[in-house]
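Summary of the model geometry
These are the residues of each chain, in order.
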Amino acid sequence: MRVAIVYDCLFPWTVGGAERWYRNLAERLAASGHEVTYLTLRQWDAPPALPPALPGVTVVAVGPRMALYRHGKRRILPPLVFGAGVLLHLLRHGGRYDHVHLASFPFFSLLAAGLLRPLHRYRIGVDWHEVWSRDYWRDYLGAAGIVGWWVQKLCARVPQSAFGFSRLHLDRLASLGRKGTHLTGEYAGGAHPSQSAAAPPTLVYAGRMIPEKRVPLFVEAVAEARNSRPDLVARIFGDGPERAEVAERIAELRLGDAVSLEGFVAADVLEGAMASAAAIVQPSAREGYGMVVVEASARGVPAVVVAGPDNAATELVEEGVNGFVAAEPSAGSLAAAMLRAVDGGAALRRSTEGWYAANARRLSLDGSLDRILAAIGA
């Protein structure tokens, strides 16, 4: 089968759950004997004629290197450029492919694939990592959010095999008139050897510093939790447009000796920090899946997330078994959940390890890949 994977980012040149998913998907499809092409924007420093070498995968840049974010939000121009690049590529080469597999967002590449589908007769598979509500579109783009909502609805009408990674977003997709298949796993790794939590107890955040991740809230919650556990410390990994604000909150709350901003680090350093953490904390307002919960559980480390209408990560947390869900996005509520995770100690780590073992198959990339392969081969 000749397959095109279409996404504007490529791991590890950009880092995120979707980036890992599409790289893993491309490589697994290639390993299964399929002919795979990965269409993306150029993010690497080498000339466009020298794309990265992925095992068994042909990487094609259909647009130039561009900054994807401004002030923590996706810019409009890169999705337009990428959509135009995908349109031109499929116009010229769409006949090469039997199946085109895309993320629903950025929308313009999906619309381009849908426009040319009758010409080349390939099938389309779409991963709906998220389906935004009208309210969220309005919060994100203001009055222009209604345009985004209607474009999203138009994308749902493109003939496709639709897939989703959470009940939350599959239900929203159904409300747009498109039923999808539930893929429960994105994790390409396996269980890691468990180890005891470090002393003093350490909370870890790893990810981008953008508004919806609410890293300043994490800092405030650490300050609150230290009123009960003065020995508690935190490590923050990653970078982003809110880094300065996070640093300011650390200084304002006099947490310089308790909270470290560590930026991007080597993989083994991050692995060591995650494995020895008392808990992994992800205070996001919006998550399409919740990979951090799975990655933490695979290490026997409980996760702490925050309840919210756009946070699908809560679907992966079994309260008191592999972590806790803060009831609201406040420092007090998040601090209480973090303290419960710390106080759970070795017993909670064993429980988390058991939860992962019981759910490993459904959480794995292989389980989801089986369903994708079935759709491609149907």
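To be clear, the structure that these remarks concern was listed above.
A short tour of the structure in this document, coming up. Remember, predicted model here, so these are calculated numbers, not experimental data. (Residues numbered from 1 in each chain as written. Predicted model: local features only at pLDDT ≥ 70, side-chain atom pairs only at ≥ 80, totals over all residues. Heavy atoms only, no water.)

Moving on: the pattern of salt bridges. Overall, the coordinates contain 17 salt bridges when judged by the stated rule. Across the salt bridge formed by Arg 229 and Asp 231, the nearest N and O atoms sit 3.2 Å from each other. In this structure Asp 231 comes out as partly exposed when scored by relative accessible area, which is 33%. Note that Arg 249 and Glu 252 form a salt bridge whose closest N and O atoms lie 2.2 Å from each other. With Arg 249 and Glu 252 both in helix H8 (residues 243-252) and three residues apart, this pair spans about one turn of that helix. Because the salt bridges share partners, they merge into one network encompassing Glu 130, Glu 212 and Arg 286. (Salt bridge = Lys/Arg side-chain N within 4 Å of Asp/Glu carboxyl O. Buried < 20%, exposed > 50% of the residue type's maximum accessible area, 1.4 Å probe, protein only. Helix = DSSP H or I, 4+ residues; strand = E, 2+ residues; numbered from the N terminus.)

One pair of aromatic rings is described through two measures. These are the centre distance and the angle between the planes. Tallied over the full model, the rule gives 13 aromatic pairs. An aromatic cluster of three or more residues is present, and its members are Phe 105, Phe 107, Trp 132, Tyr 136, Trp 137 and Tyr 140. Between Arg 134 and the ring centre of Trp 149, over which it is positioned, the NZ or CZ distance is 3.8 Å. (Phe/Tyr/Trp six-rings, centres within 6.5 Å; stacked < 30°, edge-to-face > 60°. Lys NZ or Arg CZ within 6 Å of the ring centre and 35° of its normal.)

Turning next to the nonpolar core. Ile 5, Tyr 22, Tyr 38, Val 100 and Trp 128 are the most contacted members of the largest nonpolar core, which totals 84 residues. When residues in this core are grouped by element, the largest group, seven residues, is from helix H1 (residues 17-31). One finds Met 209, Ala 223, Val 246 and Ala 326 within the second-largest nonpolar core, a separate group that totals 35 residues. (Core = buried A, V, L, I, M, F, W, Y, C linked by side-chain atoms within 4.5 Å.)

The grouping of Ile 76, Leu 77, Leu 80 and Phe 108 at the surface amounts to a nonpolar patch, some 350 Å² of accessible area in total. Take Leu 80: it is sitting in helix H2 (residues 77-93). A residue is classified by how much of its surface remains accessible, and Leu 80, at 40% relative accessible area, is partly exposed. (Patch = residues over 30% accessible without salt bridge, like charges linked within 9 Å, V, L, I, M, F, W, Y side chains within 5 Å. Areas by Shrake-Rupley, 256 points an atom, 1.4 Å probe, with all protein chains shown as cover.)

Moving on: helix H5 (residues 145-156). With 12 residues, H5 ought to run about 16 Å at 1.5 Å a step, and its terminal C-alpha atoms sit 17 Å apart, in line with that. Taken as a whole, H5 has its buried residues at Gly 145, Gly 148, Trp 149, Val 151, Gln 152, Lys 153, Cys 155 and Ala 156. Here the buried face of H5 lies against helix H3 (107-120), strand S7 (123-128), helix H4 (134-141) and helix H6 (167-175). (Expected span 1.5 Å × (residues − 1). Contact = heavy atoms within 4.5 Å.)

In this section: the side chain of Asn 311. For Asn 311, the position within the fold is in strand S16 (residues 310-311). Its relative accessible area of 3% is what places Asn 311 among the buried residues. Apart from the residues lying within four places of it in its own chain, the contact partners of Asn 311 are Leu 168, Ser 284, Ala 285, Glu 287, Val 305 and Val 306.

Right, let's talk about the pairing of S7 for a bit. Most of S7 sits inside the fold, with five of its six residues counted as buried. In this structure, strand S6 (residues 99-103) lies alongside S7, joined through five bridges in parallel fashion. The partner of Leu 102 across the bridge, within S7, is Val 126. (Pairing = 2+ DSSP bridges.)

Of note, Ser 276 is situated in helix H9 (residues 267-276). We classify Ser 276 as buried; its relative accessible area is 15%. Within the local environment of Ser 276, its side chain forms a polar contact with the backbone oxygen of Gly 272, the two atoms lying 2.9 Å apart. Among all residues touching Ser 276, those that are not within four sequence positions of it are Gln 195, Ser 196, Ala 197, Ala 198 and Arg 349. (Polar contact = N/O pair within 3.5 Å; in protein donor to acceptor, adjacent residues only side chain to side chain.)

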